[in-house]
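# Results of the structural survey
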Amino acid sequence: MDSILRAAGDLLDTELSDPIELGGSRRSTVVRCRTASGGSVIVKAFSGEPEGLRSFASEAAGLSLRLAGPELIAVDAAVPLLVLEDLGDAPTLADLLLGDDPKAAATGLLAWARGLGRLAAGSVPKRADLARLRARYDKGVPSWEDEPWIERNFADLLALLDQTSVAVPKGLAGELAEIGAVGAEYLAFTPGDTCPDNNLLTQDGLRLIDFEAACFQSVFLTAAYCRMPFSTCWCVFRLPTGLAEGIERAFRAEVVNAYPELAGDAVWQAGVRRAIVVWTVDATVALLPRTLEDGPLHPTRRPVPTRRQLLEHRWGMASTLEEFPALAATMRTLLRDVARGWETPPLQGYPAFSELGSDDLVQELCPSEPSPERTV
């Protein structure tokens, strides 16, 4: 901690004190510090491991693009660390979803979806700028945009199914190859980790934090966060049907400004459904080997689903994708031969909506809007 404060202080030419740790991860340490003038900044220092170096380069480049996130005040590529604007202690979207105010939670979700959609639409011409910025901060580890992570996950799934003696239907590998093409379609900027705890609801509106996986990716992969919901996150419960549809409409209404062809339902639905497969495979590869014993998805936050609950929910959603019969059959096999033995309670709804008992209230929180579909 002392070395982090010294390095950041030297960078700012001021003394930093009173560090308060804000969490971080294996990749990074995040602290709030007081400056000599009485203000405060956020210092984020990264590990020297490959994932830490990847995260540093992505976050430094993503924030330097200045499309979203806190102000990037200074960068020390040698440590490496970033000094960021302190956005204060505003509640996160996770706080609202796990709270008891359905209107506040629904309003937060809509702000999140619209904000991500506007960011995506406005970023489309900036891809070369991000690549240039990332080259400036490169530490020798490719960004997620340059990693074949979808193809690697698909190969790992086939190997994992073989190891667990799950029968693989004929044609699954071919379907996965077709599905994986979604990753290269309709690219737009994303901070990467757009989970509820990385979205602050400030007095000035939605502010995104955590750009460690910033890159350009398919808007479908982001849209799937609305429908699944939250494809790679710990804060995952069920959303009321009308509300889930509403936040997806809000995101889509923004991105069609950059990609008008996404107003067509056939294009949109096909893309989002393939993105659901991508994220379901991602979760399966990451979590299935860890389900011999169940456990919570977050070490301290409560309530939180368990690994088994999340996988059962994901498999159930993917099992309905009948346009991919081998994939759907695989998901049903996992539910029958793996999840049935878990005897896990089904995934519940978000606590904020636990008292949501009528369609009228859903309509009030997230009124229906006409589909953005039009002749393209």
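Below you will find a few notes about this structure. (Residues numbered from 1 in each chain as written. Predicted model: local features only at pLDDT ≥ 70, side-chain atom pairs only at ≥ 80, totals over all residues. Heavy atoms only, no water.)

Right, let's get into the packing of helix H11 (residues 307-318) against helix H12 (residues 325-337). Two numbers describe how H11 lies on H12: the axes approach to 8 Å, and their chain directions differ by 145°. Crossing hand, H11 versus H12: left-handed. Counting all contacts with H11, which are made through Glu312, Trp315, Gly316 and Ala318, the residues of H12 involved are Leu327, Ala328, Met331, Leu334 and Leu335. Looking at the contact of H11 with H12 residue by residue, the classes come out as seven nonpolar, one polar and one charged. (Axes fitted to C-alpha atoms, helices over the stretch in contact; angles between N-to-C directions. Helix = DSSP H or I, 4+ residues; strand = E, 2+ residues; numbered from the N terminus. Left-handed = near helix turned anticlockwise from the far one by under 90°. Contact = heavy atoms within 4.5 Å. Nonpolar A, V, L, I, M, F, W, Y, C, P; charged D, E, K, R; others polar.)

Further remarks concern H11. Between the first and last C-alpha of H11 there are 17 Å, a value that for 12 residues agrees with the 16 Å anticipated at 1.5 Å per step. Buried residues dominate H11, accounting for nine of its 12 residues. Buried within H11 are the following residues: Arg307, Arg308, Gln309, Leu310, Leu311, His313, Arg314, Trp315 and Ala318. Those residues of H11 that are buried lie in contact with helix H10 (265-287) and H12. (Expected span 1.5 Å × (residues − 1). Buried < 20%, exposed > 50% of the residue type's maximum accessible area, 1.4 Å probe, protein only.)

Okay, the packing of helix H7 (residues 172-180) against H12 next. With their axes 8 Å apart at the nearest point, H7 and H12 run at an angle of 110° to one another. Here H12 runs roughly perpendicular to H7, going by the angle between their axes. In this structure, the crossing between H7 and H12 has a hand that is left-handed. Within the contact between the two elements, H7 uses Leu172, Glu175 and Leu176 and H12 uses Pro325, Ala326, Leu327 and Thr330. When the residues that make up the contact of H7 with H12 are grouped by side-chain class, the tally is five nonpolar, one polar and one charged. (Parallel < 35°, antiparallel > 145°, perpendicular 65-115°, else oblique.)

Next up on the list: the pattern of salt bridges. Per the counting criterion, the structure on display carries 21 salt bridges. Note that glutamate 254 is salt-bridged to arginine 118, the shortest N-O span being 3.4 Å. Taken as a pair, glutamate 254 in helix H9 (residues 241-255) and arginine 118 in helix H4 (residues 102-123) lie far apart in primary sequence, 136 residues in all. Owing to a relative accessible area of 16%, glutamate 254 belongs among the buried residues under this scheme. Several salt bridges converge on common partners, so that one network encompasses Arg27, Lys44, Glu59, Asp210 and Glu212. (Salt bridge = Lys/Arg side-chain N within 4 Å of Asp/Glu carboxyl O.)

Time to look at unusual backbone geometry. One can expect most non-glycine residues to show negative phi and most peptide bonds to be in trans. Cis geometry is found at the peptide bond from valine 79 to proline 80, where omega equals -5°. Position of proline 80 among the secondary structure elements: in the loop between strand S4 (72-76) and strand S5 (81-85). Cis rather than trans, the peptide bond between arginine 302 and proline 303 has omega equal to 0°. Mapped onto the elements, proline 303 comes out in the loop between H10 and H11. Of note, aspartate 210 is a non-glycine position whose phi angle comes to about 70°, a positive value.

We now examine the state of the cysteines. Overall, the coordinates contain one disulfide when judged by the stated rule. With its sulfur 1.9 Å from that of its partner, cysteine 195 forms a disulfide with cysteine 233. In this structure, the disulfide formed by cysteine 195 and cysteine 233 twists by about -80° around the S-S bond and is classed as left-handed. Linking cysteine 195 in the loop between strand S6 (187-190) and strand S7 (199-202) with cysteine 233 in the loop between helix H8 (219-227) and H9, this pair joins segments that are 38 residues apart in sequence. You'll find cysteine 195 and cysteine 233 in the same group, each marked buried. No disulfide involves cysteine 235; its nearest neighbouring cysteine sulfur is the one of cysteine 233, lying 7.9 Å away. A residue is classified by how much of its surface remains accessible, and cysteine 235, at 0% relative accessible area, is buried. (Disulfide = S-S within 2.5 Å.)

With respect to the helices and strands, phenylalanine 237 occurs in the loop between H8 and H9. A relative accessible area of 7% means that phenylalanine 237 is categorised as buried. Here the alpha-carbon distance between phenylalanine 237 and arginine 252, two residues 15 residues apart in the chain, equals 22 Å.

Considering all chains together, one arrives at 13 aromatic pairs under this definition. Between phenylalanine 46 and phenylalanine 56 the ring centres are 5.7 Å apart and the planes differ by 70°, which places this aromatic pair in the edge-to-face class. Taken as a pair, phenylalanine 46 in strand S3 (residues 40-46) and phenylalanine 56 in helix H2 (residues 50-64) lie far apart in primary sequence, 10 residues in all. Taking the relative accessible area as the measure of exposure, phenylalanine 56 reaches 0% and is therefore buried. With a centroid separation of 5.6 Å and an interplanar angle of 80°, the aromatic rings of tyrosine 186 and phenylalanine 220 are classed as edge-to-face. Here tyrosine 186, found in the loop between H7 and S6, pairs with phenylalanine 220, found in helix H8; they are 34 residues apart in sequence, far enough to count as distant. Residue classification places phenylalanine 220 among the buried positions, given a relative accessible area of 1%. Among the aromatic residues, ring-to-ring pairing joins Tyr186, Phe220, Phe251, Tyr259 and Trp268 into one connected group. Across from the ring centre of tryptophan 144, 4.0 Å away, lies the NZ or CZ of arginine 54, which sits over that ring. (Phe/Tyr/Trp six-rings, centres within 6.5 Å; stacked < 30°, edge-to-face > 60°. Lys NZ or Arg CZ within 6 Å of the ring centre and 35° of its normal.)

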